[in-house]
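Chain residues, written in single-letter form:
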Amino acid sequence: MQAEGNVVRLPAAEPAPPDFAAFFAEEHAGLFKALYFVTGNRSDAAELAQDAFLKLWERWDRIERIHDPTGYLFRAALNGFRMRTRAAVRATRRLVPIVWTTDPFDEIDLQEDVRRMLLDLSPRQRAALVLLDMYGYGSEEAARIMGIRPSTVRALATQGRAVLRKGSHHA
């Protein structure tokens, strides 16, 4: 029994985990656009986004341990893109023919001259520009997401911007 005047403390309610559906709705369009910018292909961007969200959903019960869920999405998507690129290179080395298809809607979404300039960038340059310029990450965070050094992120972004400036003068 407690003495009169003592305050009885009830256990604090644990905060409810964030809603995955709300997070998905908030982040999906931005992730898709960024991946489209990196890959230059709608279907690849959609598949990479879907795979990244699936990886996050599988860990959603432990979301409080993930420091930056949006950064986690980018890291998962970029890792998937790198794995696909490596697999394509290995297949090419084995002389397995790769059939490239184009989506007719690609040309609708980006003006042709901008698309050409973007495709002049390497995927790593595009990823660095997306993370730094579109999402506003610092070079430390972008480096963590991309799995490279911050100085490499800054160099890739500088190279990418130089290519874009050069291309805009020729248009």
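Keep in mind that this is a model prediction, so the values were computed, not measured. (Residues numbered from 1 in each chain as written. Predicted model: local features only at pLDDT ≥ 70, side-chain atom pairs only at ≥ 80, totals over all residues. Heavy atoms only, no water.)

A. Examining the environment of Leu131 more closely. Along the chain, the position of Leu131 falls in helix H6 (residues 123-134). Taking the C-alpha atoms as reference points, Leu131 and Met146, separated by 15 residues in sequence, lie 9.2 Å from one another. When near neighbours in sequence (up to four residues on either side) are disregarded, Leu131 contacts Phe74, Leu78, Gly136, Tyr137, Ala142, Ile145 and Met146. (Helix = DSSP H or I, 4+ residues; strand = E, 2+ residues; numbered from the N terminus. Contact = heavy atoms within 4.5 Å.)

B. Region of the structure containing the nonpolar core. Ranked by size, the top nonpolar core spans 42 residues in total, and within it Leu31, Leu56, Leu131, Met146 and Val153 carry the most contacts. Elements with a minimum of two residues in this core: helix H1 (20-39), helix H2 (42-58), helix H3 (69-93), H6, helix H7 (139-146) and helix H8 (150-170). Residue contributions to this core peak at nine residues, all from H1. (Core = buried A, V, L, I, M, F, W, Y, C linked by side-chain atoms within 4.5 Å. Buried < 20%, exposed > 50% of the residue type's maximum accessible area, 1.4 Å probe, protein only.)

C. Representation of a positive patch on the surface in the model. A cluster of basic residues, Arg86, Arg90, Arg93 and Arg94, forms a positive patch on the protein surface. Inspection of the secondary structure assignment puts Arg90 in helix H3. (Patch = residues over 30% accessible without salt bridge, like charges linked within 9 Å, V, L, I, M, F, W, Y side chains within 5 Å. Areas by Shrake-Rupley, 256 points an atom, 1.4 Å probe, with all protein chains shown as cover. Salt bridge = Lys/Arg side-chain N within 4 Å of Asp/Glu carboxyl O. Lys, Arg positive; Asp, Glu negative; His and termini not counted. Charge placed at Lys NZ, Arg CZ, Asp CG, Glu CD.)

D. View of the packing of H1 against H3. Between H1 and H3, whose axes approach to 11 Å, the crossing angle comes to 35 degrees. The chirality of how H1 crosses H3 is right-handed. Contacts between H1 and H3 involve Phe23, Glu27, Leu31, Ala34, Leu35, Val38 and Thr39 from the first element and Pro69, Thr70, Leu73, Phe74, Ala77, Leu78 and Phe81 from the second. For the contact of H1 with H3, a count of residues per class yields 11 nonpolar, two polar and one charged. (Axes fitted to C-alpha atoms, helices over the stretch in contact; angles between N-to-C directions. Left-handed = near helix turned anticlockwise from the far one by under 90°. Nonpolar A, V, L, I, M, F, W, Y, C, P; charged D, E, K, R; others polar.)

E. Structural view of the side chain of Glu27. One can find Glu27 in helix H1. Despite its burial, Glu27 remains without a salt bridge, the nearest opposite charge being carried by Lys33 at 12 Å. Not counting residues up to four positions away in its chain, the partners in contact with Glu27 are Phe53, Thr70 and Leu73.

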